[in-house]
Amino acid sequence: MHLNMSENNSPVDDRERDRLPPIFNHGLERGSKQPCAAYGNFFSSVSQKREASSHGLSLPIILPAIRQVGGLVRELPPICAGVKQKHRISLDILPPEVKARYPSDPIIPLRTKTTKEFQEDIEKATLSGDWKQVHDFYLTTFDSFLELNAAFKKEANASFNTTEDSGINTKFVNAVYDAILHTPPETQKAVLKGIINSLLREWKGPRTKDDLRAYFVLLQNPQYTSTATYVIFAHLLRKISSLAEADHHFLMHWLKKLSPKRFKQLVERLQFFISTRLFPARPEELPPMAKCSWWIPSATKVLSLLNAANSIAVPPILPFADFYNLTLDHTDFMEDYHTWQTHGNSNRFTFCQFPFILSAVVKKAILQRDSEQQMISMARQTLVDKVSRRQRVDMSLLFLNIKVRRLQLVSDSLDELARKRADLKKKLKVTFVGEAGLDMGGLTKEWFLLLIRQIFHTDYGMFTYIKESQYHWFSSWNCDNCSEFRLVGSLMGLALYNSITLDIRFPPCVYKKLLNPPMVPCDPDAPVGITPLSLEDLQQIMPDLAHGLSELLSYEGNVEEDYYTTFQVFQEEMGVIKSYNLKPGGDKIPLTNLNRKEYVQLYIDFLLNKSIEKPFAAFYHGFHSVCASDAIMLLRPEEVEVLVCGSPHLDMVSLQRVAQYEGYSKTDPTIRAFWDVVLAFPLELQKRLLHFCTGSDRVPVGGMADLNFKITKNDVSTDWLPVSHTCFNQICLPPYKSKKELRQKLTIAISNAEGFGLE
């Protein structure tokens, strides 16, 4: 449908205006909800009219404005459906005096109202009750894309064709939107009606930057918090989501400039729109899902623009977890995942195409179920191989069985993993030689904990502990035998694969490197883990060195004379100082004011990439040899860290809230004394208690509730110490008679908790 502009600047003629949907008098105040079927019917009727006209039905036709675009000739439409093609007249055959002049871009009318003047108008209207002047402003401003630019553009006919400046008077937009929900319902209806007209009137050619500015302004409208406006909001989102990639690039950078408050409101509005469409509180308020299946994809794509804007902002405007939509935790995300696996990033929409919206809980569940499927597949293949060869089936073949001695824990473990590399994707079972413990999960947890503790000890030499940051880093000098680093990577992959949390203290950049690329390249010699890293990444690992490099960048004196150094750096390895050139001939290139940025970037790249390239590549391949899964592609580096290590932040009050009891009730004196003691423990003892009960001192994804922590009554003498079953996250407490006795016995137990049975 083509709409024209009448002489009185009305967006549509009287016939078309009569067809506009009624705007309800109720439901436009703040927080109210109402049916919006009329909007849906209106847009549906527009579509039907378009279809009818294409089938030769008689409909009133409004001639569009005609112009030549980019040298191409646009033909006039037929006067009616029966006119033959040969009677159509094109612009190029008209005589010059008949051709109407049409500017390449419409001239934006000048509007002089300022933010201050608008706010004064609002104050006067509020006091007097006369809203006519304010109403007329809203009616005119939201009448068309042209008027939106006239009102909010800093300079009406300036180009502002840059990503850094949208050209919009943000302060004025904020003032207009802050006031809109406090205006009379008639004014709010006029705004919505104007938006409908604007969306219908759009020119079908290439988008101009003024069009993008109009979309940018309309997207911030707070009226979309009401479900009564969702049909209009959905059509706006559809228009924005279907823009060209270059236009999305501009919008992304403009969105980045929003204040944190406005940015967060916009994110929350889109999330609520998606959640409400998935699980509407009143389904009758929205069109049937079958008729608006495009709503959620459109909203998710627009939300991805905000996520991209957040990612390029330094620092990020919002924590990445603010983009999680927790409603999706209650959907069939495995079906979504399998659809994504089948169709990839095709036109078939899935939430997995936009993993930023999936919470860490969902991603953990997907990874676990994907791992379980791989374990079952591996076990089935083993059985089939044995049966086909008519060999006796030993059920132990279905597991990755690790047998180790405590005194030779590291060497035995690494030998077992090296010998059984083909079985890494089977279910893990651990046996400590000479001990009676049956592995129901607890022995596996303890094996991981003890093994990691010994491997990362500085005496072992594989990793260096940096006191300033309290992180471990790869030893660059220990590159002769990279097979050990591969096995450590396998160990970390096994923990993730078997849902075990580890107390590993790697800096965040390790997880960035681990996902670069997220899938192992087909070429075994292709570089992996080489990631562009910044001074901020170095700051997290080596804060003193990063501070020195930062001072170099800001030094105001003569760098060449005062620093008197070259593009050569020195590093101590096993007590020997070795030199390395940051670039070819670096020992002969002086450091100067002009090249110091290059020097800093090359130094960071040397420390975090090149100097550890071989050991990290082995570590990378070891990790992905276990965790090769499409699910890994859904994860952010921060999420990999949380899945591998859990969270170090303990919340014992939450643990108390979800604790289960057997033989006790939560009001028993022993239980009340237990929680009084535990909540008063220092953090170190709280971690020891968690390790004593669960085999790990970290909190898994999902929080304390995922631990299924249980306190069981142990009817024995109070001389006994508490006992734990780490397989079941359970502690058994004798009925101690006093808080003092409970604190003493519990402290002894959790401080001496290693070992199952007797060696």
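Just so you know, these numbers come straight off a predicted model, no measurement behind them.

### As for the layout of surface pockets
Here comes step 1: Estimates place the volume of the second largest pocket at around 840 Å³.
Here comes step 2: Together, 39 residues line the second largest pocket, and Lys427, Lys445, Asn498, Ser499 and Ile500 are the ones closest to its centre.
Here comes step 3: Only helix 14 (360-388), strand 2 (427-432), helix 16 (442-455) and helix 17 (483-497) provide two or more residues apiece to the lining of the second largest pocket.
Here comes step 4: For the lining of the second largest pocket, the element with the most residues is helix 14, which contributes eight residues.

### Re the pattern of salt bridges
Here comes step 1: Tallied over the full model, the rule gives 25 salt bridges.
Here comes step 2: Between lysine 426 and aspartate 423 there is a salt bridge, with the nearest N and O atoms lying 3.2 Å from each other.
Here comes step 3: Aspartate 676 serves as the salt-bridge partner of lysine 739, at 3.3 Å between the closest nitrogen and oxygen. Taken together, the residues span a long stretch of sequence, with lysine 739 in helix 28 (residues 739-751) and aspartate 676 in helix 26 (residues 669-680) at a distance of 63 residues.
Here comes step 4: Here lysine 739 falls in the partly exposed class, since its relative accessible area comes to 37%.
Here comes step 5: Relative accessible area serves as the criterion here: at 41%, aspartate 676 is assigned to the partly exposed category.
Here comes step 6: Linked by salt bridges that have partners in common, Lys153, Asp210 and Arg213 make up one network.

### What to know about helix 17
Here comes step 1: Taking 1.5 Å per residue as the helical rise, helix 17 with its 15 residues ought to reach 21 Å, and the 20 Å between its terminal C-alpha atoms agrees with that figure.
Here comes step 2: Of all 15 residues making up helix 17, 12 are buried, and the element is well covered by its neighbours.
Here comes step 3: Listing the buried residues of helix 17 in full gives Phe485, Leu487, Val488, Gly489, Ser490, Leu491, Met492, Gly493, Leu494, Ala495, Leu496 and Tyr497.
Here comes step 4: Count one or two residues on from helix 17 and you reach serine 499, which has phi positive near 60 degrees.

### Here we look at empty space enclosed by the protein
Here comes step 1: Inspection of the entire model under this criterion finds two cavities of 30 Å³ or more.
Here comes step 2: Lining the second largest cavity we find Leu328, Thr331, Phe333, Asp336, Phe351 and Leu358.
Here comes step 3: Counted by class, the lining of the second largest cavity contains four nonpolar, one polar and one charged residues.

### Description of the UniProt feature "active site" (unreviewed entry) in the protein chain
Here comes step 1: Sites flagged by UniProt as "active site" (unreviewed entry) map to Cys727.
Here comes step 2: Here cysteine 727 shows up in the loop between strand 9 (723-725) and strand 10 (730-733).
Here comes step 3: Judged by its relative accessible area of 21%, cysteine 727 falls in the partly exposed class.

Conventions used here
- For every chain, the first residue of the written sequence is number 1, and numbering continues from 1 along that sequence.
- Side-chain atom pairs in this predicted model are given and counted only at pLDDT of 80 or more, local residue features only at pLDDT of at least 70, and totals for whole chains, interfaces and linings cover all residues.
- Think of the side-chain values as coming from all heavy atoms in the structure, minus any hydrogens and water.
- Buriedness of a pocket was judged along seven lines, with at least five required to meet protein on both sides within 12 Å; pockets are open sets of points on a 1 Å grid over the protein atoms alone, cavities are sets where a 1.4 Å probe fits but cannot get out, and lining residues have an atom within 4 Å of a point.
- Grid points are joined across faces, edges and corners, and a volume is the space filled by probe spheres set on the points.
- Helix and strand definitions here come from DSSP, where helices need a minimum of 4 consecutive H or I residues and strands a minimum of 2 consecutive E residues; each element is numbered from the N-terminal end.
- Any carboxyl oxygen of Asp or Glu that lies within 4 Å of a side-chain nitrogen of Lys or Arg is treated as forming a salt bridge with it.
- Each residue is assigned to one of three classes by its accessible area relative to the maximum for its type, calculated with a 1.4 Å probe on protein chains only: buried under 20%, partly exposed between the two thresholds, exposed over 50%.
- Take the residue count of a helix, subtract one, and multiply by 1.5 Å to get its expected span.
- Gly counts as polar in this scheme, as do all residues outside two lists: the nonpolar Ala, Val, Leu, Ile, Met, Phe, Trp, Tyr, Cys and Pro, and the charged Asp, Glu, Lys and Arg.
- UniProt positions are given in the numbering used here, feature names are shortened, and annotations may be inferred rather than shown by experiment.

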